[in-house]
Amino acid sequence: MNIPEYNEIIEPNDQTEARREHLEKLREIVGNVYPNKFERSKITGEEDTITRIVVFATLVKNQHISKLTEGEKPSDEQREAANAELNQLRVRTAGRLAVPPRVMGKAAFVHLSDGVERLQIYVRKQDAKAINNDTRKIIEQENAAWELFNLLDHGDFIGVEGFLFVTKTGELSVHVETIQFLSKARFPMPDKMHDIADAEISRRYRYIDLIASSLRNKTDEELEEEKRTGVKKLTTREVFERRAKLISGMRRFLDDNGFIEVETPILTPKATGAAAEPFETYHNALDIKLYARIAPELYLKRLMVGGFEKVYELNRNFRNEGLSHKHSPEFTMLEFYCAYMDVNGMMDFAEAMIKESVRKATGGSLQVKYGESEIDFSKFERLTMKQAILKYSGFPMLDEILFESLANLRQLNAALLLTDLGKMEAGTAAGFTSATSDQELLKKSFEQRAEFVKENKNRLWKIAELFSVSEPDKNIAEENGITENEFEFIVRNIISEENDERKKAYIIEKSFEDYAENILGKIIQQTGKTIMKPTFITDYPKSISPLSKASPENPNVAERFELFICGMECANGFSELNDPQEQYERLIDQMKERETGDEEAMVLDEDYIRALSYGMPPAAGIGIGIDRLVMLLTNKHSIRDVILFPHMRPEKKNSTADDAKNAEEI
RNA sequence: GGUCCGAUAGCUCAGUCGGUAGAGCAAAUGGCUUUUAACCAUUGGGUCGAAGGUUCGAGUCCUUCUCGGAUCACCA
């Protein structure tokens, strides 16, 4: 194994060397340069963090110094009055040097930060004493504190004791009497005026990002921008604080409503409860293959069988699939179940919960800026899938095709294949959902297809029939006016082995009805991209909702909803299927789909069927994508910006020509 | 996986037509006892992501690779 030397990790340069030398000199002055503790005072009632002192003392200061305009200094009288009171307040507090020390001959200023607030300290050569970390006593040697102070670097941790005062410019400060060295920053701090610009550094080394975001000053331009737009740009730290507030808000809401928090297995013998590729692992002692869970759903419903009427789990799920700005291989979901409730009750409940926890996260507001748009969490729309497509896709003809009859669905299917042919010839390999994010293009593409279907109704009907058998006949195709080109395209793209197995499976093995429903699912996903305001989409096709109950009104429709916000799918819920016999059959259907190529169809879990057979009350359940909700609340457009340590490809430094060659050969 | 964009000092960035590697901050040294992105003076700091190629000469042009971002496809 190649174990790097310390010097390889910290990479010596003029800056790290200077800091190392400072550390050695500090050791001579204070002894132990990494002391074990520092006790803070409690004038604020609790441990005096910098934030608490700032909040507490600012109130005192403001009693004497009325709000100053920018650049304005307090009068001598105001200052004397404030200091008369503040000087009585002795504090002991600690923090990181938020700026390089500003030394002016025989006195100096520096700001300390506790990661949230910053507090200025004033060190005067003749007043300050240093603490020896070994004896914990004041060092008698003359100017020890001043020497210590001059060995401090931007980013070091120190503890200070002294009294509060207001400077000539009106800033609250600590007049330092004793100073104690606590810890060294051996790396230079990031630019004090800029965030880490390189997204790779900020995500791979989140601690640097957090330091940079908590230590830096805002530039004048940024302050102006915030004033102008009224939107505060969150620091990295604030993003994750908001995330924590959202989660605790949700927890509290559920706890207050009688839910019990549970923990179910993360390593599971079967990866099921959702349609996704799992991560595989292996348990040596048990000698079994295990999968990281893709959803906790089936375990939570076993608990409903066991008698828990309201359960929730704040769970991390793992899906071995592609990464994108809204997909992470591990992501956090809040999943909960409520007995005797149906999908409508669940929508009401989830809406109330989301509103409440959004308020908690934002500090009261239900309106948040997201990019160019504003999300209003005070109004949740509810639309059936059909209504949503009508309203948001803007393709009235599509509606005609989709909803007139099954026959039309077949035609749509065939039409889609043929219009893809056009794309194929134009040089772009594209499938049905190849539509771009460009709404005009998307619309045009749908309209062209719809037009095409209308004009070629009879012919398409025949095409649909023709290709519903496993071995389409070229001659029959020709008789029906299908050109050789078209025939070959469809065979090549739909039937032939080397191409998309799933399409083949849909066409050959499944009924057109199911295929159409799958298309519907895809269309709603596409349509969802254009849905901005919080919207529950209901009435999903049953065939793509294997764990959900059918609607009492329509056996083909599932009592299921998905919540779309700003084009993102944020929640998925339904009336839980509790008939073990039907559940068994639905999962068997899914297994068949797996065999015919759909790798992400659901896996049958026999024990779950057994559990259901003991009886589960009628219930509704929901899974809420926490990461995505946090994205919306923090105006972040990548899921990796709301995950503290997102997964990254390992770094490969100093790759050589050989590496390049090897990579080429692979 | 496809397409496009990016990688230059510790940090943020500039680098024109292919012709000596730059600025601000940070660092070092000196000055300054209430500063506010402190200031003044001086100094040091570079594998220009990696490898190869074209050229008298490459940060700049070409090829390949690495990492990251955006976007599309797949998926929640």
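Below, the structure is looked at part by part. (Residues numbered from 1 in each chain as written. Chains lettered and ligands numbered in written order. Predicted model: local features only at pLDDT ≥ 70, side-chain atom pairs only at ≥ 80, totals over all residues. Heavy atoms only, no water.)

### Points about the nonpolar core
No. 1: Core analysis: the biggest nonpolar cluster contains 49 residues, and Leu-334, Phe-336, Phe-377, Ile-565, Ile-624, Leu-629 and Leu-632 have the highest contact counts within it.
No. 2: Looking at which element gives the most residues to this core, the answer is helix H11 (residues 343–362), with 9 residues.
No. 3: With residues near it in sequence (within four places) discarded, Leu-629 still touches Leu-246, Met-250, Phe-377, Ile-565, Cys-570 and Ile-624.
No. 4: Of all hydrophobic cores here, the second largest spans 42 residues; its members include Val-99, Val-123, Leu-148 and Phe-149. (Core = buried A, V, L, I, M, F, W, Y, C linked by side-chain atoms within 4.5 Å. Buried < 20%, exposed > 50% of the residue type's maximum accessible area, 1.4 Å probe, protein only. Helix = DSSP H or I, 4+ residues; strand = E, 2+ residues; numbered from the N terminus. Contact = heavy atoms within 4.5 Å.)

### Quick word on the packing of aromatic side chains
No. 1: Inspection of the entire model under this criterion finds 10 aromatic pairs.
No. 2: Ring geometry for Phe-253 against Phe-349: centres 5.4 Å apart, planes inclined by 65°, an arrangement best described as edge-to-face. Residue Phe-253 is located in helix H9 (residues 236–256), and its partner Phe-349 is located in helix H11; the two are separated by 96 residues in the primary sequence. The exposure classification of Phe-253 matches that of Phe-349, with both residues buried.
No. 3: Consider the rings of Phe-380 and Phe-536, whose centres lie 5.7 Å apart with planes at 35°: the pair is tilted. Linking Phe-380 in the loop between strand E15 (373–376) and strand E16 (381–384) with Phe-536 in strand E17 (residues 535–541), this pair joins segments that are 156 residues apart in sequence.
No. 4: The rings of Phe-253, Phe-259, Phe-336 and Phe-349 are connected pair by pair, giving a single aromatic cluster. (Phe/Tyr/Trp six-rings, centres within 6.5 Å; stacked < 30°, edge-to-face > 60°.)

### Observations concerning the pairing of strand E20 (residues 619–625)
In regular strands, side chains alternate between the two faces of the sheet.
No. 1: Burial within E20 is extensive, with 7 of its 7 residues counted as buried.
No. 2: The alternating pattern of E20 places Ala-619, Gly-621, Gly-623 and Gly-625 and Ala-620, Ile-622 and Ile-624 on opposite faces, both of which are buried.
No. 3: Relative to E20, strand E13 (residues 330–339) runs antiparallel, the two being bridged by 7 bridges. Along E20, the bridge assignment pairs Ala-339 with Ala-619.
No. 4: One ladder, built from 5 bridges, connects strand E19 (residues 568–575) with E20; its direction is antiparallel. Its bridge partner being in E20, Gly-573 is matched across the sheet by Ile-622. (Pairing = 2+ DSSP bridges.)

### Brief notes about the packing of helix H7 (residues 206–215) against H9
No. 1: Axis separation between H7 and H9 bottoms out at 7 Å; the angle between their running directions is 105°. By the angle class used here, H7 and H9 are roughly perpendicular. For the pair H7 and H9, contact is made by Arg-206, Asp-209, Leu-210 and Ser-213 and by Thr-236, Arg-237 and Phe-240, respectively. (Axes fitted to C-alpha atoms, helices over the stretch in contact; angles between N-to-C directions. Parallel < 35°, antiparallel > 145°, perpendicular 65-115°, else oblique.)

### Side note on the sheet that holds strand E10 (residues 280–283)
Across a sheet, strands are paired by hydrogen bonds formed along the backbone, either parallel or antiparallel in direction.
No. 1: Judged by pairing direction, the sheet is antiparallel, and its 3 strands sit side by side in the order E9-E11-E10 without closing on themselves. Edge positions in the sheet fall to strand E9 (267–268) and E10, since each of these pairs with one other strand and no more.
No. 2: Looking at chain direction, E10 and strand E11 (residues 288–292) are connected through 4 bridges and run antiparallel. The partner of Glu-280 across the bridge, within E11, is Tyr-291.

### Focus: a nonpolar patch on the surface
No. 1: On the surface, Tyr-207, Leu-644 and Phe-645 cluster together to form a nonpolar patch covering roughly 330 Å² of accessible area.
No. 2: For Tyr-207, the location among the structural elements is in helix H7.
No. 3: A relative accessible area of 49% places Tyr-207 in the partly exposed class. (Patch = residues over 30% accessible without salt bridge, like charges linked within 9 Å, V, L, I, M, F, W, Y side chains within 5 Å. Areas by Shrake-Rupley, 256 points an atom, 1.4 Å probe, with all protein chains shown as cover. Salt bridge = Lys/Arg side-chain N within 4 Å of Asp/Glu carboxyl O.)

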